[in-house]
Amino acid sequence: MKRLFPSLPDNATLGSVYQAFPEKLAPLCAYESLVMRGESDLSVADRELIAAYVSGLNACAYCHGAHIVFAKAYGIEVETIAALMEDRDTAPVREDLKPVLAYVEKLTVSPSRMTEADAQAVYASGWSEGALFDAIQVCGVFNLVNRFIEGTGVQSPGNDPREADEATLERCRSDTFYTDFGRQNGLDV
């Protein structure tokens, strides 16, 4: 761990950050739960794929690795995400999702350059404004959380997502995972 916050333990996790600042992170935890597990035209698998992708674009190993496991829990192969990080256009993801991924990539790396054409490409693939807004919310949440992780110095445990056991995958599939995680780490959500 980078010692950016000396009060955090040597093996600090995101939970450690939640425990250190519960009153400030409780609203985020509730929002993240809504964004990732609430009603949406995007499936939970789609949203977890977006979370893993955005975190990979930001080189946030902690969130990228964690959300590869979440995506795997919802049926997305680890190799699919690796291919997506190499080349979005040739990655084995659904064609209708590629404009959404292009949108969140641009929103992550050059947000001031968004254009009507970016949104039109998403709509032309059959997605609604609600689906696009949900993708924007996932992108925004993970850009924020990636910065919490990197800014506090929390490091990835380095576990190989391909080795996630069934119990871990089952916990990831819980509709209440995000709020449960918050409660386990001292948040009033």
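Residues numbered from 1 in each chain as written. Predicted model: local features only at pLDDT ≥ 70, side-chain atom pairs only at ≥ 80, totals over all residues. Heavy atoms only, no water.

So, the side chain of Asp-134
Residue position: Asp-134 is located in helix H8 (residues 129-152). Notably, Asp-134 is buried but unbridged: the nearest opposite-charge side chain belongs to Arg-47, and the N-O separation is 5.9 Å. Polar side-chain contacts of Asp-134 include one of 3.1 Å to the side chain of Gln-137. Excluding its chain neighbours within four sequence positions, the residues that come into contact with Asp-134 are Glu-39, Ser-40, Asp-41 and Leu-42. (Helix = DSSP H or I, 4+ residues; strand = E, 2+ residues; numbered from the N terminus. Buried < 20%, exposed > 50% of the residue type's maximum accessible area, 1.4 Å probe, protein only. Lys, Arg positive; Asp, Glu negative; His and termini not counted. Salt bridge = Lys/Arg side-chain N within 4 Å of Asp/Glu carboxyl O. Polar contact = N/O pair within 3.5 Å; in protein donor to acceptor, adjacent residues only side chain to side chain. Contact = heavy atoms within 4.5 Å.)

Looking at the packing of aromatic side chains
For the structure shown, the criterion picks out six aromatic pairs. Ring centres of Phe-70 and Tyr-178 lie 5.8 Å apart, and the angle between their planes is 15°; this geometry places the pair in the stacked category. Highlighted residues: Phe-70 in helix H4 (residues 61-73) and Tyr-178 in helix H10 (residues 177-184), separated in sequence by 108 residues. This pair shows no difference in class: Phe-70 is buried, exactly as Tyr-178 is. (Phe/Tyr/Trp six-rings, centres within 6.5 Å; stacked < 30°, edge-to-face > 60°.)

A few points about helix H5 (residues 78-86)
For H5, the full list of buried residues reads Val-78, Thr-80, Ile-81 and Leu-84. The buried residues of H5 all sit within an arc of 160° when viewed along its axis, so they share a single face. Contacts made by the buried residues of H5 are with helix H3 (44-57), H4 and helix H6 (98-109). (Arc of directions from axis to C-beta.)

Looking at the packing of H6 against H8
Look at H6 against H8: their axes get within 10 Å of each other, and the N-to-C directions meet at 40°. As judged from the angle between their axes, H6 and H8 are oblique. The two elements H6 and H8 cross, and the hand of that crossing is right-handed. Contacts from Val-100, Tyr-103, Val-104, Leu-107 and Thr-108 in H6 reach Leu-132, Ala-135, Ile-136, Cys-139 and Asn-143 in H8. Tallied by class, residues from the contact of H6 with H8 come to eight nonpolar, two polar and no charged. (Axes fitted to C-alpha atoms, helices over the stretch in contact; angles between N-to-C directions. Parallel < 35°, antiparallel > 145°, perpendicular 65-115°, else oblique. Left-handed = near helix turned anticlockwise from the far one by under 90°. Nonpolar A, V, L, I, M, F, W, Y, C, P; charged D, E, K, R; others polar.)

A few points about the side chain of His-67
As for its placement among the helices and strands, His-67 is situated in helix H4. At a separation of 2.6 Å, a polar atom in the side chain of His-67 contacts the side chain of Glu-48. Once you skip the residues sitting within four places of it in the chain, His-67 turns out to touch Glu-48, Ala-51, Ala-52, Phe-142 and Tyr-178.

Some words on the state of the cysteines
Put plainly, a disulfide is one covalent bond tying together the sulfur atoms of two cysteines. Taken as a whole, this structure holds zero disulfides when the rule is applied. With no disulfide partner, Cys-60 has as its closest neighbouring cysteine sulfur the one in Cys-63, 3.9 Å distant. Looking at Cys-139, it has no disulfide partner, and the nearest cysteine sulfur is the one in Cys-63, 13 Å off. (Disulfide = S-S within 2.5 Å.)

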